[in-house]
Amino acid sequence: MSAFDTVTLPDPVPTGESSLEHILATRRSDRSFAMTPLTLQQVGQLLWACQGVTSEDGKRTAPSAFGLFSLSIYVAPRIVTSLDQGLYRYIPAQHQLEGVGSDKDMYRFIAEVLVEGSTYDSAADFLLTGSLPPLKEKKGDFALPELCLEAGHAAQNVLLQATSLGLASVPIGAIHAEQAKEFIAEGLDAVYAVQVGHPAGISSDRP
Ligand SMILES: Cc1cc2nc3c(=O)[nH]c(=O)nc-3n(C[C@H](O)[C@H](O)[C@H](O)COP(=O)(O)O)c2cc1C
């Protein structure tokens, strides 16, 4: 599968084995990842949790400032079965990935955008970006904080979904936003990231 293909993701599974309370009680930032690939199903489930469409009028798993749905989610897989390395953009309405960069080193480039992220060898990095101009029209100076809040909701969904799937995850707020502009669509700003993989099972406090 080439990175410029459109990838239809497996349908998200609407049920889980753990209660929300158990997931909340056990979520932890885990920065030590095993070299075990994620499956396409797991990546699709994480993206659905992040920004999946859950109603006929296009509303999503996470709330959105002014209902503008300003976020765009990119994923850079390092080791994911049936998904070539590269850079992909999530299309929520179709639950698909659009390949936007086929460079095999894209994972490394994205990891470099995460100030500390390159030290964590996750199986996939999720980059949360957003479009500010429409929010600015509605919210003026509040646009950037509101975009960041929206990204926070979406990122938390990824972290909780990862916990529910028995995966390790860590949110990364330290991002070289200007450097990210090299890889993402014009008009978008990178605001947050989540790294995900199978847990290596060793303690991984922030260095
Ligand atoms: C906005 C935000 C930014 C963060 N950025 C980073 C980061 O750049 N690198 C990192 O290793 N952890 C990062 N973290 C994770 C925190 O270090 C972690 O959540 C905190 O130590 C509490 O631990 P816990 O997540 O296991 O409960 C971030 C967390 C938040 C909420």
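It should be noted that the structure appears before, not after, this text.
A quick note: this is a predicted structure, and the numbers were derived from the prediction, not measured.

1. Considerations on the site of the ligand
Here comes step 1: Not every one of the 10 residues close to the ligand is listed here, only the nearest: Arg28, Ser29, Ile172, Gly173 and Ala174.
Here comes step 2: Looking at the shell around the ligand residue by residue, the class counts come to 4 nonpolar, 2 polar and 4 charged.

2. Here's the deal with the packing of helix 2 (residues 40–51) against helix 5 (residues 143–164)
Here comes step 1: Closest axis-to-axis distance for the helix 2/helix 5 pair is 7 Å, and the angle between their directions is 145°. In this structure, helix 2 crosses over helix 5, and the sense of that crossing is right-handed. Facing helix 2, whose interface residues are Gln45, Leu46, Ala49, Cys50 and Gln51, helix 5 presents Ala154, Asn157, Val158, Gln161 and Ala162.
Here comes step 2: Class assignment of the residues belonging to the contact of helix 2 with helix 5 gives a composition of 6 nonpolar, 4 polar and no charged.

3. Some words on the environment of Ile175
Here comes step 1: For Ile175, the location among the structural elements is in the loop between strand 6 (168–172) and helix 6 (177–180).
Here comes step 2: Beyond its immediate stretch of four places on either side in the chain, Ile175 contacts Val113, Leu114, Val115, Ala180, Ala190 and Ala193.

About the cut-offs
- Residues numbered from 1 in each chain as written.
- Predicted model: local features only at pLDDT ≥ 70, side-chain atom pairs only at ≥ 80, totals over all residues.
- Near = placed C-beta within 6 Å.
- Nonpolar A, V, L, I, M, F, W, Y, C, P; charged D, E, K, R; others polar.
- Axes fitted to C-alpha atoms, helices over the stretch in contact; angles between N-to-C directions.
- Helix = DSSP H or I, 4+ residues; strand = E, 2+ residues; numbered from the N terminus.
- Left-handed = near helix turned anticlockwise from the far one by under 90°.
- Contact = placed C-beta atoms within 7 Å.

Nothing here speaks to function; it is all geometry.
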